[in-house]
Amino acid sequence: MAENQNILTEEKNGVLYLTVNREDKMNALNYATLEELKGIFEEVADNRAIKAVIITGSGEKAFIAGADISEIASLNEVNARKFAENGQEIFAMIENCHKPVIAVTNGYTLGGGCELAMACHMRIATANAKFGQPEVNLGIIPGYGGTQRLTLLIGRGKANELMMTGDMIGAEEAKSLNLVNHVLPTKAEAMAKAEEIIAKIMSKAPLAIGMIVDCVNSAFLAEENGYQTEANSFARCVKSGDYKEGTSAFLEKRKPVFKGE
Ligand code: COA
């Protein structure tokens, strides 16, 4: 993994840990940090040793308090479109990653931080996490896919309320709205929960996990027929050695050993 300025990376037991590390700026996502994320996810796709990713923020106060406002204070219509499209493209890479990506959100999870968390496959929050899309306070709207993913995750009425008021909600409310999967008291416990889920996923057939990502995502794409994607993906799974291994192991009453091929 290449050296990064704004994101700490650590690989352990097949899991890549990413920590957005701009604690003095509440881990705000500036352009350079987004570029680093892009490079990291390109490598995640190619590197067979990386089986899963956990993203968190440095310190206890914030996961990420949004896009870096110092960089978005002087946009014009042309570069604002590019700004949004660039972020959308990078977050789509995360959402489409064939390896599980879990956000462990501690503290402020706002604006682009909430959008990044929503692009991950699951979200685990600490009890002090606060979620919101406060862009309206700056006279703008979420631009990294938040208007779409928030609506899909929590439904139209609540998404409208959160985006139109800019209000923050706590971790328990976020859980009751299905914005987060689990809430744990501390960051260490939230991290342990993410690791527990990842360990379980890592014992399954990797190709099938990737197909689940494709199929779930296609349920949300108007131009795609999710049922068709599912049938195609299902057919791709049965071409794999892991399919033969999984079914044989069941019939032979033993544990499967998956190879990701
Ligand atoms: N972009 C750039 N800098 C940010 C930032 C952001 N999104 N969020 C926080 N910071 C910086 C602050 O400017 C401050 O920097 P400074 O010490 O150099 O002045 C530092 O992080 C600490 O933030 P501060 O506001 O002093 O902390 P707080 O505890 O009083 O408030 C927040 C925390 C998160 C409520 C507040 O910082 C905030 O509202 N941030 C903006 C959230 C937002 O609108 N996000 C969407 C952006 S599109």
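Since this is a predicted model, take the numbers as computed values, not measurements.

Visitor: Any chance you could explain a negative patch on the surface here in plain terms?
Guide: Judged by side-chain charge, E42, D46, E85 and E89 come together as a negatively charged surface patch. Those elements that provide at least two residues to the negative patch are α1 (31-46) and α3 (77-95). Tracing the sequence through the fold places E89 in helix α3.

Visitor: Would you mind showing me how to read helix α5 (residues 146-154) here?
Guide: Buried within α5 we find G146, R149, L150 and I154. Taken end-on, α5 shows its buried residues confined to a sector of 105°, consistent with a single buried face. Packed against the buried residues of α5 are α3, α4 (112-119) and α6 (156-165). Two residues or fewer past α5, G155 is found with a positive phi of approximately 95°.

Visitor: What am I meant to see in the site of the ligand here?
Guide: In the vicinity of the ligand, 14 residues are found, and the nearest of them are D24, K25, A65, A67 and I69. Backbone polar atom of A67 to a nitrogen atom of the ligand: 2.9 Å apart, as the coordinates give it. Within the backbone of I69, one N or O atom sits 2.9 Å away from a nitrogen atom of the ligand. If the ligand stood free it would expose 870 Å²; the protein chains cover 59% of that surface. Among the secondary structure elements, those contributing two or more residues to the shell around the ligand are α2 (69-72) and β6 (108-110). Split into classes, the residues belonging to the shell around the ligand amount to ten nonpolar, no polar and four charged.

Definitions and limits used
- Residues numbered from 1 in each chain as written.
- Predicted model: local features only at pLDDT ≥ 70, side-chain atom pairs only at ≥ 80, totals over all residues.
- Heavy atoms only, no water.
- Patch = residues over 30% accessible without salt bridge, like charges linked within 9 Å, V, L, I, M, F, W, Y side chains within 5 Å.
- Areas by Shrake-Rupley, 256 points an atom, 1.4 Å probe, with all protein chains shown as cover.
- Salt bridge = Lys/Arg side-chain N within 4 Å of Asp/Glu carboxyl O.
- Lys, Arg positive; Asp, Glu negative; His and termini not counted.
- Charge placed at Lys NZ, Arg CZ, Asp CG, Glu CD.
- Helix = DSSP H or I, 4+ residues; strand = E, 2+ residues; numbered from the N terminus.
- Buried < 20%, exposed > 50% of the residue type's maximum accessible area, 1.4 Å probe, protein only.
- Arc of directions from axis to C-beta.
- Contact = heavy atoms within 4.5 Å.
- Near = heavy atom within 4 Å.
- Polar contact = N/O pair within 3.5 Å; in protein donor to acceptor, adjacent residues only side chain to side chain.
- Nonpolar A, V, L, I, M, F, W, Y, C, P; charged D, E, K, R; others polar.

Fair warning: the whole summary comes from geometry, so function is off the table for now.
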